[in-house]
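Commentary on secondary and tertiary structure
One-letter residues, chain by chain:
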Amino acid sequence: MKRADSFHQKSEHSSKRQSVWTLCALFAAILLFGAGCSKQLANLSLNKAKKLIMEAERREAGRLEKENLDAAKREVEEAERLIAENRAKQARARASSAVANAKKTLENTLSKLAAQRINEAKTALDMANLNHGASENQERYNNIKTLFDKAQEKQRKNKWADAIDLSEKEMSEVDTLLARLLNEAKQKQMAAQSKFDELKHVGAEQYANEYVLSVQDMLRNIENKITVERDYLGARNQADDAIRKSEDGIIATKGKMAYEQLSILEDGLAEAQGKGALIHAKDLLKSCEDSFDTILKQYSEK
């Protein structure tokens, strides 16, 4: 009987010890599992923060929200460092903060970019009107107006990404609408430049410099209308005026040059007469005088 009681006591003691070890193992497993979960959650948050940062950068956060973007990036780097040091709990907290800051950065970026794109789209619509876009292509012009109205509506509803995308699409449509007029304006600009080069080549800078200065100003205005104002119709019309002005300058230059040559001829005839051409070369002098009279008459008729 004593032997049985002793065996029972030993068995009970062994069972209690086993229970303690089981509890310790379970507690350790819980700790390890918790640490593993924290690390996984930290990594999930990190990935989300990185994606938000990438989208913010794509939407020009580097220009519009640089300070907040840099702060979010620093938090991501800090969270990665904590994970590498096996400080999962702190890493999870830092990663969650990075997500919050990245969201804020993206939201602010989209808001600012939407406002900018709406203004640019309004300018593009004004350019379409300035160039009589409805006459160029009524269907495309109507679509441009619809896109602009939708972009404004999305902005009012704080749907920034939609407002940005619609504005950019509207501006692309304006470029397509005005492409023919832009090409025509550039062709006219080249023709005006070519005629101006001809004006200088004939000697206008010496004989009719006022035309050179006038056409230079016109060429500068044409360039400004094309690249800044986007007034392609105005650029085309001014190019026509510049061509006509250069042609007038060429005529004026040639006229002054001809007058100069006539004066030289007249002086030469006078000198010949003074040296006795009437006596020694009467027929030749008469021929020269007749030629001079003919040239003078032709000049006067011009």
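Keep in mind that what you see is a predicted model, and the values were worked out from it rather than measured. Per chain, the residues get numbers from 1 upward, laid out in the order the sequence is written. Reporting of local features is limited, given that this is a predicted model, to residues whose pLDDT is at least 70; pairs of side-chain atoms are given and counted only at 80 or more, and all residues count toward the totals for whole chains, interfaces and linings. To obtain the side-chain values, all non-hydrogen atoms of the structure were used and water was disregarded.

It is worth spelling out the overall build of the protein chain at this point. Labels follow the DSSP assignment, with helices taken as runs of H or I lasting at least four residues and strands as runs of E lasting at least two, numbered in each case from the N terminus. Looking only at helices and strands, one finds 13 helices and zero strands in the protein chain. The linear arrangement of helices and strands in the protein chain, starting from the amino end, is α-α-α-α-α-α-α-α-α-α-α-α-α. Residue burial is assigned from relative accessible area. The probe radius is 1.4 Å, only protein chains are included, and a residue is buried under 20% of its type maximum, exposed over 50%, and partly exposed in between. Here the protein chain holds 302 residues, and 31% of them are scored as buried. Taking contacts inside the protein chain between residues at least 6 apart in sequence as the whole, the part at least 24 apart equals 73%. Working note: accessible area of the protein chain is about 19400 Å², and carbon and sulfur atoms make up 53% of it. Contacts: residue pairs with any heavy atoms within 4.5 Å of one another. Here, Shrake-Rupley sampling with a 1.4 Å probe gives the accessible areas, and only protein chains in the shown set may cover a residue.

A helix is expected to span 1.5 Å multiplied by its residue count minus one. For helix α8 (residues 179–201), with 23 residues, the first-to-last C-alpha span of 33 Å sits near the 33 Å given by 1.5 Å per residue. Buried residues of α8: L181, A185, Q189, A192, K195, F196 and L199, and no others. Count one or two residues on from α8 and you reach G203, which has phi positive near 105°.

Remark: nonpolar core denotes a set of buried residues (Ala, Val, Leu, Ile, Met, Phe, Trp, Tyr, Cys) joined through side-chain atoms within 4.5 Å. Ranked by internal contacts, the top residues of the largest apolar core, which has 37 residues, are L178, L199 and I222. Sorting the residues of this core by element identifies α4 (88–130), α6 (138–156), α7 (160–177), α8, α10 (209–229) and α11 (232–274) as the ones contributing at least two each. Setting aside residues up to four positions removed in sequence, I222 forms contacts with Q189, A235, Q238, A239 and A242. In this structure, L46, A72, A79 and L106 belong to the second largest nonpolar core, which totals 26 residues.

Per-residue pLDDT for the protein chain has a mean of 82; in total, 73% of the residues score no lower than 70. Each residue carries a pLDDT score, the predictor's confidence in it, ranging from 0 to 100. Across residues 1–11 the pLDDT falls below 50, and counting only partners more than four positions away or on other chains, this stretch makes zero contacts in the model. Predicted confidence for residues 277–285 stays below pLDDT 50, and this span has nine contacts to residues more than four positions away or in other chains.

Here an axis means a line fitted to C-alpha atoms, over the contact stretch when the element is a helix, while the angle between two N-to-C directions is reported on a 0 to 180 degree scale. Following both chains from N to C, one finds α4 and α7 inclined at 25°, their axes separated by 8 Å at the closest point. The angle between the axes of α4 and α7 places the two elements in the roughly parallel class. With respect to the hand of their crossing, α4 and α7 are arranged in left-handed fashion. For the pair α4 and α7, contact is made by E107, L110, S111, L113, A114, R117, I118, E120, A121, A124, L125 and A128 and by W160, A163, I164, S167, E168, E170, M171, V174 and L177, respectively. Note on angle classes: values under 35 degrees are labelled roughly parallel, values over 145 roughly antiparallel, values of 65 to 115 roughly perpendicular, and the remainder oblique. By definition, any crossing whose near helix is turned counterclockwise from its far helix by less than a right angle is left-handed, and any crossing with a clockwise turn is right-handed.

Turning next to the pattern of salt bridges. Should a side-chain nitrogen of Lys or Arg be within 4 Å of a carboxyl oxygen of Asp or Glu, the pair is scored as a salt bridge. This structure, assessed with the given rule, holds 28 salt bridges. Across the salt bridge formed by K50 and E80, the nearest N and O atoms sit 2.6 Å from each other. Of this pair, K50 sits in helix α1 (residues 2–58) while E80 sits in helix α3 (residues 66–84), and the two are 30 residues apart along the sequence. A relative accessible area of 34% places K50 in the partly exposed class. In the salt-bridge network here, residues are joined through shared partners; they are E60, R63, R117, E120 and E168.

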